[in-house]
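Summary of structural features
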Number of protein chains: 2
Amino acid sequence: MELTLDGSTVRGGRQARERFHDARGYGRVVDGDLELAPVEAAHLLYRGDVETVRDAGSGDRLDFRALLSSDVVSEIDVLVYKDLRDRGFYLSPTDEPNADFLVYPRGKGPWDDEIAHRIRAISERTALSARTLGETVLAVVDEESSIAYLETGRPDVRGTTDADLPRGVPAELLDDRVFVWEPPAVLYERGFYGQPLDDGGPLQLSLLEAAALARRGVLALPADEIVERGRTVEGERFDRRLAVYRALRDRNVVPKTGYKFGADFRTYADIEHVEELGHSELLVRVLPADHAFAPRDLALDVRLAHGVRKRMVFALAGETIEWLSVSRLTP
Amino acid sequence: MELTLDGSTVRGGRQARERFHDARGYGRVVDGDLELAPVEAAHLLYRGDVETVRDAGSGDRLDFRALLSSDVVSEIDVLVYKDLRDRGFYLSPTDEPNADFLVYPRGKGPWDDEIAHRIRAISERTALSARTLGETVLAVVDEESSIAYLETGRPDVRGTTDADLPRGVPAELLDDRVFVWEPPAVLYERGFYGQPLDDGGPLQLSLLEAAALARRGVLALPADEIVERGRTVEGERFDRRLAVYRALRDRNVVPKTGYKFGADFRTYADIEHVEELGHSELLVRVLPADHAFAPRDLALDVRLAHGVRKRMVFALAGETIEWLSVSRLTP
């Protein structure tokens, strides 16, 4: 039973098809014969199911080592393919955009019509355009060849916090925050705006909170002046963060600073009164829509969010705001 | 009892000295009278111990709000000073470089000769030059006016892992890693180099591990070729990381990838055999010596390290490698 490498396809006959495809989910059937992607052939070679593959071009016989050293297959693909096989999955290489493998549910294979995961196999050194994420699972191979899986999604971010706020509340812009010297209780207690200096004392608003409130007419301060100050201390990042802050409030979700978690916001979906405040649910990081992630940064954010039992969500700020969730997955 | 603001000093007489300095640790004594920094006067105003301070220049009487809105005192300093007083400390403003306040041990004051913490008060938006850290505690005021304390230090990083390695081991450079097809057991088991593809299978070395081993003559591969490949995939960052990798190995500490923690390395100080591997102790992030931290990034690293019970250490790579530890502190 001979397998032949022809360009970037490995071919075998009927017997190979029965043994590897029909019984074990490798490759695809073409006219009753077997076609394998090089990564599938590499796995058969690694396992010793096949000893060599004949290179139709050179006539050479390639073993696992020779195939891995050649250009027809990437180490990354081989490592991820092997890892998923070791976890008991059948999977097939795919030409879909942003995906490298279709993984079937355990116990199913390419002859069924069900897909458990679309997997994108990358090195930890590959920059990842945020736009291409949201449907696939990332299999990130780190520099020491361990593999971590990250599930990406496009969540619907919504809450129920909606307090009736007064208008024209006097406030004062200091260097880097706004003080409301005599704050209406509803502002903090129901809207969870600001931070009292002491119980019942003046309310300190962040520039983001103040700008959003001023735009709604709640504060008797010109919003533009606050935004100007925000840009002075933070540059254009302030505009992006304000857009996301307002989008979250529009969705009845309360954003508070995520500074202690290294994020832009932590969020509370359902606040009735600050005295019954639960844990925040999301960590939100604001990014420009054309951002490219370093997988290492992604790993850091997801690990931290997981550790504090929150969900990591990226707000991609462009013409509109898009939401991208990333979480750990053990396939 | 009148206090007078004169330029950037607030002065009071003997009675003020007795009441505020001798009894409660505010200010310093000059010729039997009291001198306060504006931040101390602001705190007395906020508490209502003093109603107003007379501005010697304009003749105006300034209350807390007026003093806070003026240029003589920063909100950040006022918030940090208040927080430390609320925690039961006496503290004094200082002119020391990289510090804003000297905090005395609880129960002690400026008349004693003991200092608990040197505190640097900053906004979360202030960039922090790595060179200036190592002796002070950072009090970081976030955009919503909460304060977090970060202790910085200059740790001695050392371990006891020291395996006798063979020389001239054959190895093969693939795209982004090095394979040792027939690895001597000591390499992985005692030195904790690489990651076996399967138990007893070929050993996968990262480019860093391979470059360090090649430089020592352990691998029969030209080190320069591996370094060249590292630079191709990572740029000059590879050289910095290799320098830190080698410095850690020279100190008998084993660096393994910190990818899953978003760091460069996690480290093991005392490995006898991989089968008795304990938890790693440090997370190491490699930075150029002239790096300036965003406090938010610092918060993220320190939070994550704390969550996984490791110590966060930054390796500042310049002519030499300097080690900087940062950890959470509750004063």
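What counts and what doesn't
- Residues numbered from 1 in each chain as written.
- Chains lettered and ligands numbered in written order.
- Predicted model: local features only at pLDDT ≥ 70, side-chain atom pairs only at ≥ 80, totals over all residues.
- Heavy atoms only, no water.
- Least-squares fit on C-alpha atoms with pLDDT ≥ 70 in both.
- Contact = heavy atoms within 4.5 Å.
- Helix = DSSP H or I, 4+ residues; strand = E, 2+ residues; numbered from the N terminus.
- Pairing = 2+ DSSP bridges.
- Axes fitted to C-alpha atoms, helices over the stretch in contact; angles between N-to-C directions.
- Domains from an automatic or database assignment.
- Buried < 20%, exposed > 50% of the residue type's maximum accessible area, 1.4 Å probe, protein only.
- UniProt positions renumbered as here; feature names shortened; annotations may be inferred.
- Phe/Tyr/Trp six-rings, centres within 6.5 Å; stacked < 30°, edge-to-face > 60°.
- Lys NZ or Arg CZ within 6 Å of the ring centre and 35° of its normal.
- 1 Å grid on protein atoms, 1.4 Å probe; cavity = no way out; pocket = protein on both sides within 12 Å on 5 of 7 lines; lining within 4 Å.
- Points joined across faces, edges and corners; volume = space filled by probe spheres on them.
- Salt bridge = Lys/Arg side-chain N within 4 Å of Asp/Glu carboxyl O.
- Polar contact = N/O pair within 3.5 Å; in protein donor to acceptor, adjacent residues only side chain to side chain.

Here we take up the relation of the copies chain A and chain B. Superposition of chain A onto chain B requires a rotation of 180 degrees combined with a translation of 0.0 Å along the rotation axis, giving an RMSD of 0.0 Å. Here the transformation between the copies is reduced to the relation of a two-fold axis. Residues of chain A ranked by C-alpha distance from the rotation axis are headed by A:L304, positioned 2.8 Å from it. Mapped onto chain B, 100% of the interface residues of chain A are again interface residues, and the two copies thus contact each other with one and the same surface.

All names here are of chain B. Residue N98 is not a glycine yet carries a positive backbone phi of 65 degrees. Along the chain, N98 turns up in the loop between β7 (91-93) and β8 (101-103). A positive phi angle is found at N252, which is not glycine, with a value near 65 degrees. For N252, the location among the structural elements is in the loop between α8 (237-250) and β17 (254-257).

All right, on to the sheet that holds strand β22 (residues 321-329) of chain B then. All names here are of chain B. Read from one edge of the open sheet, 10 strands run β7-β8-β9-β11-β12-β22-β21-β19-β18-β17, paired in mixed fashion. Sheet topology places β7 and β17 at the edges, where each strand pairs with a single neighbour. Recorded for the sheet is a direction-independent mean angle of 30 degrees between the axes of neighbouring strands. Pairing of strand β19 (residues 282-288) with strand β21 (residues 311-317), which is carried by seven bridges, proceeds in the parallel orientation. Each bridged residue has a counterpart across the sheet, and for L283 the counterpart in β21 is M312.

When its domains are assigned, chain A resolves into domain 1 (4-132) and domain 2 (163-241). Here domain 1 of chain A and domain 2 of chain A have C-alpha centroids that lie 57 Å from each other.

A few words on the pairing of strand β12 (residues 147-153) of chain B. Residue and element names in this part refer to chain B. When you tally the buried positions in β12, you get six out of seven residues, the bulk of the element. Sheet analysis places strand β11 (residues 137-141) next to β12, joined by five bridges and oriented antiparallel. For L138, the partnering residue across the bridge sits in β12 and is L150. In terms of strand pairing, β12 meets β22 through five bridges, oriented antiparallel. When the sheet's bridge partners are listed, G153 is paired in β22 with S325.

Take the UniProt feature "domain: tRNA intron endonuclease catalytic" (unreviewed entry) in chain A next. UniProt annotation of "domain: tRNA intron endonuclease catalytic" (unreviewed entry) refers to residues 238-317 of chain A when read in the numbering used here. Helix and strand shares over residues 238-317 of chain A are 32% and 30% respectively, and the end C-alpha atoms of the span are 12 Å apart.

So, on to the packing of aromatic side chains. Counted by the stated rule, this structure contains 22 aromatic pairs over all chains. A centroid spacing of 6.3 Å and a plane angle of 40 degrees characterise the contact between A:Y26 and A:Y81, whose relative ring orientation is tilted. Remark: A:Y81 occurs in helix α4 (residues 75-86) and A:Y26 occurs in the loop between α1 (14-22) and β3 (28-30); sequence separation between them is 55 residues. Take A:Y26: its relative accessible area is 1%, and that puts it in the buried class. Sitting above the plane of the A:Y26 ring, A:R85 keeps its charged end 3.8 Å from the centroid. Taking NZ or CZ as reference, B:R249 lies 3.6 Å from the ring centre of B:Y193, over its face.

Inspection of the entire model under this criterion finds two cavities of 30 Å³ or more. Around the largest cavity sit A:H43, A:Y46, A:F64, A:V78, A:L79, A:K82 and B:L197, which together line it. When residues of the lining of the largest cavity are traced back to their parent elements, those giving at least two are α2 (38-47) and α4 of chain A. No other element matches α4(A), which puts three residues into the lining of the largest cavity.

All right, on to the pattern of salt bridges then. Under the definition given, this model contains 70 salt bridges over all chains. Here A:R231 and A:E228 are joined by a salt bridge, their closest N and O atoms 3.7 Å apart. In this pair, A:R231 and A:E228 both sit in helix α7 (residues 223-234), three residues apart, roughly one turn of the helix. A relative accessible area of 36% means that A:R231 is categorised as partly exposed. One salt bridge connects B:R125 with A:E234, and the closest N-O pair in it is separated by 2.8 Å. Taken together, the positions of B:R125 in the loop between β9 (117-123) and β10 (128-129) and A:E234 in helix α7 put the pair across two chains. Residues participating in the shared-partner salt-bridge network are A:E124, A:R125, A:E143, A:R296, B:D176, B:E234, B:R237, B:R241 and B:D264.

As for its position among the elements, A:K82 is in helix α4. Taking the relative accessible area as the measure of exposure, A:K82 reaches 8% and is therefore buried. Engagement of the side chain of A:K82 in a polar contact is seen with the side chain of A:D86, the distance being 2.7 Å. Beyond its immediate stretch of four places on either side in the chain, A:K82 contacts A:H43, A:Y46, B:L197 and B:D198.

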